[in-house]
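Listed here are the chains, written in short residue letters.
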Amino acid sequence: CDLLTIAPKFLEQLEDTEGTVDRKLSKEFAEKQNIEKLEIDHKRFLWLLNDDQMACEKLADGIRRFAADTIKLENYLIDRMKSMD
């Protein structure tokens, strides 16, 4: 979770907010948890992913949105490069 992308609007909110932000996640805390390790191969991963409706739908939605934003960015950059000529 610590490596997830944070939307620019949330970064701006954090920058504009005074005070401290308490850390909720850390590698050290995670390492202390008694979490069962799963041995997963590709087939099992796909089964578990598809068995979890929210995970499956959210992942698919995130991929679609990321792809759409990539196309928007590419078009923006093309338009900017054209306007520089």
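Note that the structure is predicted; figures quoted are calculated from it, not measured. Per-chain numbering applies: the sequence of each chain, read as written, is numbered from 1 onward. Reporting in this predicted model follows two pLDDT cut-offs: at least 70 for local features of residues, and 80 or more for side-chain atom pairs to be given and counted; totals over whole chains, interfaces and linings ignore these cut-offs and use all residues. Neither water nor hydrogens contribute to the side-chain values; these are computed over all heavy atoms in the structure.

1. Concerning the overall build of the protein chain
Strands are runs of DSSP state E lasting at least two residues, helices are runs of H or I lasting at least four, and both sets are numbered from the N terminus onward. When its secondary structure is counted, the protein chain shows four helices and zero strands. Each helix and strand of the protein chain, ordered N terminal to C terminal, gives the series α-α-α-α. Two things to know: the radius of gyration comes from C-alpha atoms, and the globule rule equals 2.2 Å times the number of residues to the power 0.38. Its C-alpha atoms give the protein chain a radius of gyration of 20 Å, more than 25% over the compact-globule value 12 Å for 85 residues. Once the C-alpha set of the protein chain is aligned to its principal axes, its extents read approximately 60 × 45 × 20 Å. The buried label goes to any residue with under 20% of its type's maximum accessible area, the exposed label to any with over 50%, and the partly exposed label to all in between, with areas taken from a 1.4 Å probe on protein chains only. Taken across its 85 residues, the protein chain has 2% of its residues classed as buried. Residue-level accessible areas treat just the shown protein chains as cover; the underlying method is Shrake-Rupley with a 1.4 Å probe. As displayed, the protein chain has an accessible area near 9100 Å², and 58% of this comes from carbon and sulfur atoms. Only four residue types enter the tally: Lys and Arg on the positive side, Asp and Glu on the negative side, with His and both chain ends excluded. Taken as the charge location is NZ of Lys, CZ of Arg, CG of Asp or CD of Glu. Side-chain charges of the protein chain comprise 14 positive and 19 negative groups, with the mean position of each set lying 3 Å from the other.

2. Considering the environment of isoleucine 71
For isoleucine 71, the location among the structural elements is in helix 4 (residues 53-83). As for isoleucine 71 and arginine 23, which are separated by 48 residues in sequence, their C-alpha atoms are 34 Å apart.

3. Digging into the packing of helix 3 (residues 42-51) against helix 4
What counts as an axis is a line fitted to C-alpha atoms, over the stretch in contact for a helix, and the angles between N-to-C directions run from 0 to 180 degrees. One can describe the packing of helix 3 onto helix 4 by two numbers: an axis separation of 5 Å at closest approach and a directional angle of 95°. Here helix 4 runs roughly perpendicular to helix 3, going by the angle between their axes. Two secondary-structure elements touch here, helix 3 through Leu49, Asn50 and Asp51 and helix 4 through Gln53, Ala55, Cys56 and Leu59. For classification purposes, angles smaller than 35 degrees are called roughly parallel, those larger than 145 roughly antiparallel, those between 65 and 115 roughly perpendicular, and all remaining angles oblique. The contact criterion used is simple: two residues touch if any of their non-hydrogen atoms lie within 4.5 Å.

4. Topic: the environment of glutamate 31
Topologically, glutamate 31 is positioned in helix 2 (residues 27-32). Spatially, the C-alpha atoms of glutamate 31 and aspartate 69 are 35 Å apart, while their sequence positions differ by 38 residues.

5. Here we look at the pattern of salt bridges
Every case where a carboxyl oxygen of Asp or Glu lies within 4 Å of a side-chain nitrogen of Lys or Arg is listed as a salt bridge. Inspection of the entire model under this criterion finds three salt bridges. As a salt-bridge pair, lysine 27 and glutamate 31 come within 3.9 Å of each other at their nearest N and O atoms. Taken as a pair, lysine 27 and glutamate 31 lie in helix 2 at a separation of four residues, close to a single helical turn. The burial state of lysine 27 is the same as that of glutamate 31; both residues are exposed. Among the ionic pairs, arginine 65 bridges to aspartate 61, the shortest N-O distance being 2.9 Å. Remark: aspartate 61 and arginine 65 occur in helix 4; sequence separation between them is four residues, near one turn of the helix. For aspartate 61, a relative accessible area of 25% gives the class partly exposed.

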